[in-house]
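Fold and contact review
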Amino acid sequence: MNKLFIRIKTVVCAGAVMVMASNTYAQQPVKSKVLADMALANNYFMQKWPDPGASVTVKGTTRTSNLWTRAVYYEGLMAMYKIDPQKKYYDYAVDWGEKHQWSPRGAVDTRNADNQCCGQTYIDLYLIDKKPERIEKINQSIDLMVNSEKKDDWNWIDALQMAMPVYARLGEIYNDDKYYEKMFDVYNYTKTVHGGKGLYNTADHLWWRDKDFVPPYKEPNGADCYWSRGNGWVVAAMLRVLEVMPKNAPHRNEYLSVYKEMIEALVPLQRADGYWNVSLKDSTNFGGKELSGTALFTYGMAWGINHGILKKKTYLPIIIKAWNAMSKECLHPDGMLGFVQGTGKEPKDGQPVGYNNVPDFEDYGLGCFLLAGSEVYKLSK
C-alpha cells in the first residue's frame, strides 16, 4: 500500500514533490559531514585494496596499479590529505609510489598521458619530502616530450587532465617556462587541430571527446555529443593547472578563459536532481544519475568560488544540490559509491549505471568524489 500511495502522490502532486526535493538538496552540508562522507568512501577502498602495489585485473586483463584510474584516485586522496592530514593516507600514497619505483606506467619513454598521470601524486609527495627519486623518472618522461617536436599526443580530451598538471608542476618547481610552452603546444593542438578543426567547440564551450564525435556525428536527439566525464576531465585539467601556475606564466589566461567558459556553459545543463547526464545535451541517450562527471563539475565550481574566480551567490546552490545528491544517493552505508559510469569514451559505455552497479574500475570515481569533497569542505560551514 505504501509504495502504491507514494507512486500516486508522485504523479498527482509532481510539483509538490519537486519542491520537497529542492528543499532537501538546498541545505549546505557541514564540514564534519563532508569529511565523514569522504572518509567512509575512502576507507572502503583502502580496506578493499590493502596493498597499493597489487596489480589490477579486469575482464581477464591485468594491469599495474600505476595506471590512470588509480592515479586519479590518488589525486583525490592527496586532496583529502591536505584537509585531513592523516598519516595513513600519506603512507598509503608513498607505498604506492615506492611499489612502482616512482616510475610512469610502462617506462620513462612513454608519451601516453594516461601513463604519466601517476606523476601528479609523485610530485605531490616530493613536495612534502623532497627525495629526488620521487620526481626523477616522471621528470625524465616529460623532458623527453619537451625536447621533441611532436605535439599531437593528446588526441582525446581525457589526456589533458592526465598530463597537463604534471607539466605545470614541473614548470613551477624548476621555474622553467619550457614546461609551460610545451604544455600549451600539445594542448593547443588538441583544441584547434585534432578532428579537423580541434576538439573544442568555441560556440558551445564544450569539448568533443575525440575525432569520432566531431560533427557530423550527432546524438539521437540531434545534439552534438559532449560526454560528461570527458568534459569533467578538462575542467579538472584547467583548474589543476591554474592552481600551480604563477600569475605571469605563459598562456595562463588561456586556461582561465576556457575554465570560465566551460563552467558557465555547464550551469543550464544540470539536471533538476543535481546531476549532469552522461550525454550533456541529450537526456535520452543513457540519461540518469551519474557520479564521475557530476563530481568533476562540482570540484570545478567549488574550486572557482574558493579561489575568488566564481561568484558564490550564483554557484553555491548548484554545488550544494550536486554534492548533496551524491552524498545522499550514491554513497552506500559501507562506503561503496554507486552511479559511477564504467570506463569508455561515450554515453553508451560502462552501462548500466545504477546504485548497485559496480563499474569495471572503482578507483577513479572515488578520486573524483574526493576531489569534489575537498573543495566542498572548504565552502562548508
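For clarity, every value in this text was computed on a predicted model and none was experimentally measured.

Calculation notes
Residues numbered from 1 in each chain as written. Predicted model: local features only at pLDDT ≥ 70, side-chain atom pairs only at ≥ 80, totals over all residues. Heavy atoms only, no water. Buried < 20%, exposed > 50% of the residue type's maximum accessible area, 1.4 Å probe, protein only. Helix = DSSP H or I, 4+ residues; strand = E, 2+ residues; numbered from the N terminus. Contact = heavy atoms within 4.5 Å. Phe/Tyr/Trp six-rings, centres within 6.5 Å; stacked < 30°, edge-to-face > 60°. Lys NZ or Arg CZ within 6 Å of the ring centre and 35° of its normal. Polar contact = N/O pair within 3.5 Å; in protein donor to acceptor, adjacent residues only side chain to side chain. Core = buried A, V, L, I, M, F, W, Y, C linked by side-chain atoms within 4.5 Å. Salt bridge = Lys/Arg side-chain N within 4 Å of Asp/Glu carboxyl O. Disulfide = S-S within 2.5 Å. Expected span 1.5 Å × (residues − 1). Axes fitted to C-alpha atoms, helices over the stretch in contact; angles between N-to-C directions. Parallel < 35°, antiparallel > 145°, perpendicular 65-115°, else oblique. Left-handed = near helix turned anticlockwise from the far one by under 90°. Nonpolar A, V, L, I, M, F, W, Y, C, P; charged D, E, K, R; others polar. pLDDT = per-residue confidence, 0-100.

Description of helix 7 (residues 119-128)
- The buried count for helix 7 comes to eight of ten residues, which makes it a mostly enclosed element.
- Taken together, the buried positions of helix 7 are occupied by G119, Q120, T121, Y122, I123, D124, L125 and Y126.
- Summarising the contacts, the buried residues of helix 7 are in contact with helix 4 (68-83), helix 5 (87-99), helix 6 (113-116), helix 8 (133-146), helix 9 (158-174) and helix 11 (228-242).

Topic: the packing of aromatic side chains
- Taken as a whole and assessed by the stated rule, the structure comprises 23 aromatic pairs.
- With a centroid separation of 5.4 Å and an interplanar angle of 75 degrees, the aromatic rings of W102 and Y122 are classed as edge-to-face. Of this pair, W102 sits in the loop between helix 5 and helix 6 while Y122 sits in helix 7, placing them 20 residues apart in sequence. Of the two residues examined, W102 and Y122, each falls in the buried class.
- Site record: aromatic cluster; members linked through ring pairs are F45, W49, Y73, Y74, Y92, W96, W102 and Y122.
- Above the face of the Y377 ring, K31 is positioned so that its terminal group lies 4.4 Å from the ring centre.

Some words on the environment of D158
- The topology assignment puts D158 in helix 9.
- Relative accessible area serves as the criterion here: at 6%, D158 is assigned to the buried category.
- C-alpha of D158 to C-alpha of G97: the two residues are 61 residues apart in sequence and 22 Å apart in space.
- Not counting the four nearest positions on each side in its chain, D158 is found in contact with R209, W227 and W233.
- Side-chain polar atoms of D158 contact the side chain of R209, separated by 3.2 Å.

Thoughts on the side chain of N42
- Take N42: it is sitting in helix 3 (residues 31-48).
- Overall, N42 belongs to the buried group, its relative accessible area being 0%.
- Ignoring sequence-local partners within four residues, the contact set of N42 consists of Y73, L77, M80, Y89, L366 and L370.

Here we look at the nonpolar core
- One finds W154, M164, M183, Y187, W207 and Y255 to be the most contacted residues of the largest nonpolar core, which totals 127 residues.
- Among all residues touching Y255, those that are not within four sequence positions of it are M164, Y180, M183, F184, Y187, M238, V241, L242 and M245.

A short note on the pattern of salt bridges
- Applying the stated criterion to the full structure yields 25 salt bridges.
- For D129, the salt bridge is made with K131, and the minimal N-O distance between the two is 3.7 Å.
- Exposure remark for K131: the relative accessible area of 35% places this residue in the partly exposed category.
- Its salt-bridge partner being K378, residue E375 comes within 3.1 Å of it at the nearest N-O pair. Of this pair, E375 and K378 both sit in helix 15 (residues 363-379), three residues apart, roughly one helical turn.
- Note on K378: relative accessible area 41%, which makes it partly exposed.
- Ionic contacts of the salt-bridge type, sharing partners, join the residues D158, R209, D210, K211, D212 and K345 into one network.

Quick word on the state of the cysteines
- What the rule picks out here adds up to zero disulfides.
- Not part of a disulfide, C118 finds its nearest cysteine sulfur in C117, a span of 7.2 Å.
- Given a relative accessible area of 0%, C118 falls into the buried group.
- Unpaired in terms of disulfides, C330 finds its nearest cysteine sulfur in C368, a separation of 12 Å.
- We classify C330 as buried; its relative accessible area is 0%.

Considerations on helix 13 (residues 291-306)
- Spanning 16 residues, helix 13 covers 22 Å between terminal C-alpha atoms, matching the ideal 22 Å at 1.5 Å per step.
- Among the 16 residues in helix 13, 15 count as buried, and that is most of the element.
- Within two residues after helix 13, G308 carries a phi angle of roughly 70 degrees, on the positive side.

Notes on the environment of D224
- By secondary structure assignment, the location of D224 is in the loop between strand 4 (206-207) and helix 11.
- The exposure class of D224 is buried, given its relative accessible area of 10%.
- Distance from D224 to G342, taken between C-alpha atoms, is 22 Å for residues 118 residues apart in sequence.
- Leave out the neighbours within four places in its chain, and D224 touches N201, W208, P215, Y217, K218, E219 and K281.
- At 3.2 Å, the side chain of D224 and the side chain of W208 are in polar contact.

Describing the packing of helix 4 against helix 15
- Where helix 4 meets helix 15, the closest approach of the two axes is 7 Å, and the angle between their N-to-C directions is 25 degrees. Classed by the angle they form, the pair helix 4 and helix 15 counts as roughly parallel. Seen along the crossing, helix 4 lies across helix 15 with a hand that is left-handed. Between helix 4 and helix 15, the contacting residues are W68, T69, R70, V72, Y73, E75, G76, L77, A79, M80 and I83 on the first element and D363, Y364, L366, G367, C368, L370, L371, S374, Y377 and K378 on the second.
- Taken together, the residues of the contact of helix 4 with helix 15 break down into 13 nonpolar, four polar and four charged.

Concerning the confidence of the model for the protein chain
- Confidence along the protein chain averages 93 in pLDDT terms, with 93% of residues attaining 70 or more.
- Contacts from residues 1-24, a stretch scored under 50 in pLDDT, to residues over four places away or in other chains number five contacts.

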